[in-house]
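Residue strings, one per chain:
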Amino acid sequence: MRDSAFRSPVVLSLVAAILGVALYLVFQEPKPLRVVVSPQATLEHPDGQVKALGLFPDGYRLASSNTQGDVQLWDLALGDQPKPFPSELNCGSYGAMALSPDVRVLATPGPGGVIRLRDASGGGIHRSLENTSASIAQLAFSRDGRFLLALGSNVGALYASDANADPCFSLNASAWSFALSPDGRWLATGKGTGVRLWSFPSGTERGQEQATPEPFRCLAFSPDGKLLATGEQGGGIHLWKVPSGGLKVAIPAPPPSANGPNNPQVLAFQPGGRLLACGSMDGTVRLYDTRTAKLLACLEDLKPNSWVCALAFTPDGQTLLAGGGEPMGGMAGHYPIRRWTIQVIP
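Anyway, here's the lowdown on the structure attached to this text. Just so it is clear, the model here is predicted, and its values are computed rather than measured.

Criteria and cut-off values
Residues numbered from 1 in each chain as written. Predicted model: local features only at pLDDT ≥ 70, side-chain atom pairs only at ≥ 80, totals over all residues. Heavy atoms only, no water. Core = buried A, V, L, I, M, F, W, Y, C linked by side-chain atoms within 4.5 Å. Buried < 20%, exposed > 50% of the residue type's maximum accessible area, 1.4 Å probe, protein only. Helix = DSSP H or I, 4+ residues; strand = E, 2+ residues; numbered from the N terminus. Salt bridge = Lys/Arg side-chain N within 4 Å of Asp/Glu carboxyl O. Contact = heavy atoms within 4.5 Å. Pairing = 2+ DSSP bridges. Axes fitted to C-alpha atoms, helices over the stretch in contact; angles between N-to-C directions.

## Overview of the nonpolar core
Counting 18 residues, the largest nonpolar core has Val285, Leu287, Leu311 and Leu320 as its most contacted members. Of all the secondary-structure elements, those providing two or more residues to this core are β22 (264-269), β23 (275-280), β24 (285-289), β25 (295-299), β26 (307-313), β27 (319-325) and β28 (338-345). If you look at the next biggest cluster of nonpolar residues, it comprises 14 residues, including Ala220, Ile251, Phe269 and Leu276.

## Comments concerning the pattern of salt bridges
Counted by the stated rule, this structure contains four salt bridges. Its salt-bridge partner being Arg61, residue Asp58 comes within 2.9 Å of it at the nearest N-O pair. Its relative accessible area of 35% is what places Asp58 among the partly exposed residues. Judged by its relative accessible area of 33%, Arg61 is partly exposed.

## Focus on the side chain of Ser199
Tracing the backbone shows Ser199 in strand β16 (residues 194-199). With near-sequence residues (within four places) excluded, Ser199 lies in contact with Arg185, Trp186, Thr204 and Arg206.

## Describing the environment of Pro223
Within the secondary structure, Pro223 sits in the loop between β18 (216-221) and β19 (227-232). Judged by relative accessible area, which is 35%, Pro223 ranks as partly exposed. Residue contacts for Pro223: discarding those within four places in its chain leaves Pro182, Phe269, Gln270, Pro271, Gly272 and Gly273.

## Some words on unusual backbone geometry
With an omega of 10°, the peptide bond running from Phe200 to Pro201 counts as cis. Its place among the elements puts Pro201 in the loop between β16 and β17 (205-211). Going from Val242 to Pro243, the amide bond is cis rather than trans, its omega being 10°. If you trace the backbone, Pro243 turns up in the loop between β20 (237-241) and β21 (247-251). The backbone phi angle of Val103 is positive, close to 55°, even though this residue is not glycine. Tracing the backbone shows Val103 in the loop between β6 (98-99) and β7 (105-109).

## Focus on the pairing of strand β4 (residues 71-75)
Most of β4 is tucked away: four of the five residues are buried. Linking two consecutive strands that pair antiparallel, namely strand β3 (residues 61-66) and β4, is a turn of four residues; a positive phi of about 85° is found at Gly69 within it. Strand direction decides the pairing type here: β4 and strand β5 (residues 83-84), joined by two bridges, are antiparallel. Opposite Gln72, over in β5, you have Pro84 as the bridge partner.

## Comments concerning the sheet that holds strand β15 (residues 186-191)
Ordered in space as β14-β15-β16-β17, the four strands form an open sheet in which the pairing is antiparallel. Since the sheet does not close on itself, it has two edges, and those belong to β14 (177-180) and β17, each with one partner. Between one strand and the next, the sheet's axes are offset by a mean angle of 15°, whatever the strand orientation. With six bridges connecting them, β15 and β16 associate as antiparallel partners. Note on β16: the bridge partner recorded for Gly190 is Val195.

## What to know about the pairing of β14
Neither face of β14 is left uncovered, since the one carrying Ser177 and Ala179 and the one carrying Phe178 and Leu180 both have all their residues buried. Relative to β15, β14 runs antiparallel, the two sharing four bridges. When the bridges of β15 are listed, Leu180 appears paired with Leu187.

Set out below in structure tokens:
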């Protein structure tokens, strides 16, 4: 009797209805997003390209660096009143900078490839780290602050040092850029048309090199560390699953721009991971829906003939900042940091 009851038409219809709803929820198309973008007052940065932006967790303080080796500390509530850090000459033109997770230390390049660990509030030098590269192209702290990664500009070698300033490992592969996942588990490096994934901090390579459709230009992990975005020459962007390397979303290249190539220079996920910002060589910042690959907004408020080299979202995801400058010989001049309010409408 019990078995026949489970086979009754009413029960079977109810089960079928429940399965139908479940399948719909799993396979339905993602609900499209809309964004409303409003410009805020710009920050007038000193001479030189803006190459790096580092936001403090409170969302009100900002550190920026330029190609002249200058570092500025901003109070975003006050606006255009930056506090300059002591600068050093002959630090290279890469403008590398990294803010530690506890926001106490700011790492910047020094002469001859030396890395300075500074007081993030005042700029005083705590200690210096020796490096094997003549100049530093990129710096990043691990999530727990135990490690500092440095990418050398001359040979593309990547090195990591621990809190005691002792070298931990170097990757046996040259790289043009790298990204460290927010959860601290993965390190991605890219060069040419190849992207490689490494366990961190062991430095063990995971799987085989992932080939990108076009030459690679920039990398970024999603906030949950489950996706790796690659920006490629020609303007296309691909989102790859981590650690499997399977393709999740392909974002097509935008139409050609009269302002220059639309090659991505920098990528940044909004906290939450639904929006991806892409700064390009044509001076624009584009906002994409990471689920649908839809272009949501194109911000063209930067100085003409300038590249977008740095992007940062505030922790609440409601403000986007962008910096850049004119490439190759255009280091002089003022290149303001642009700000936009980003309102996401589900």
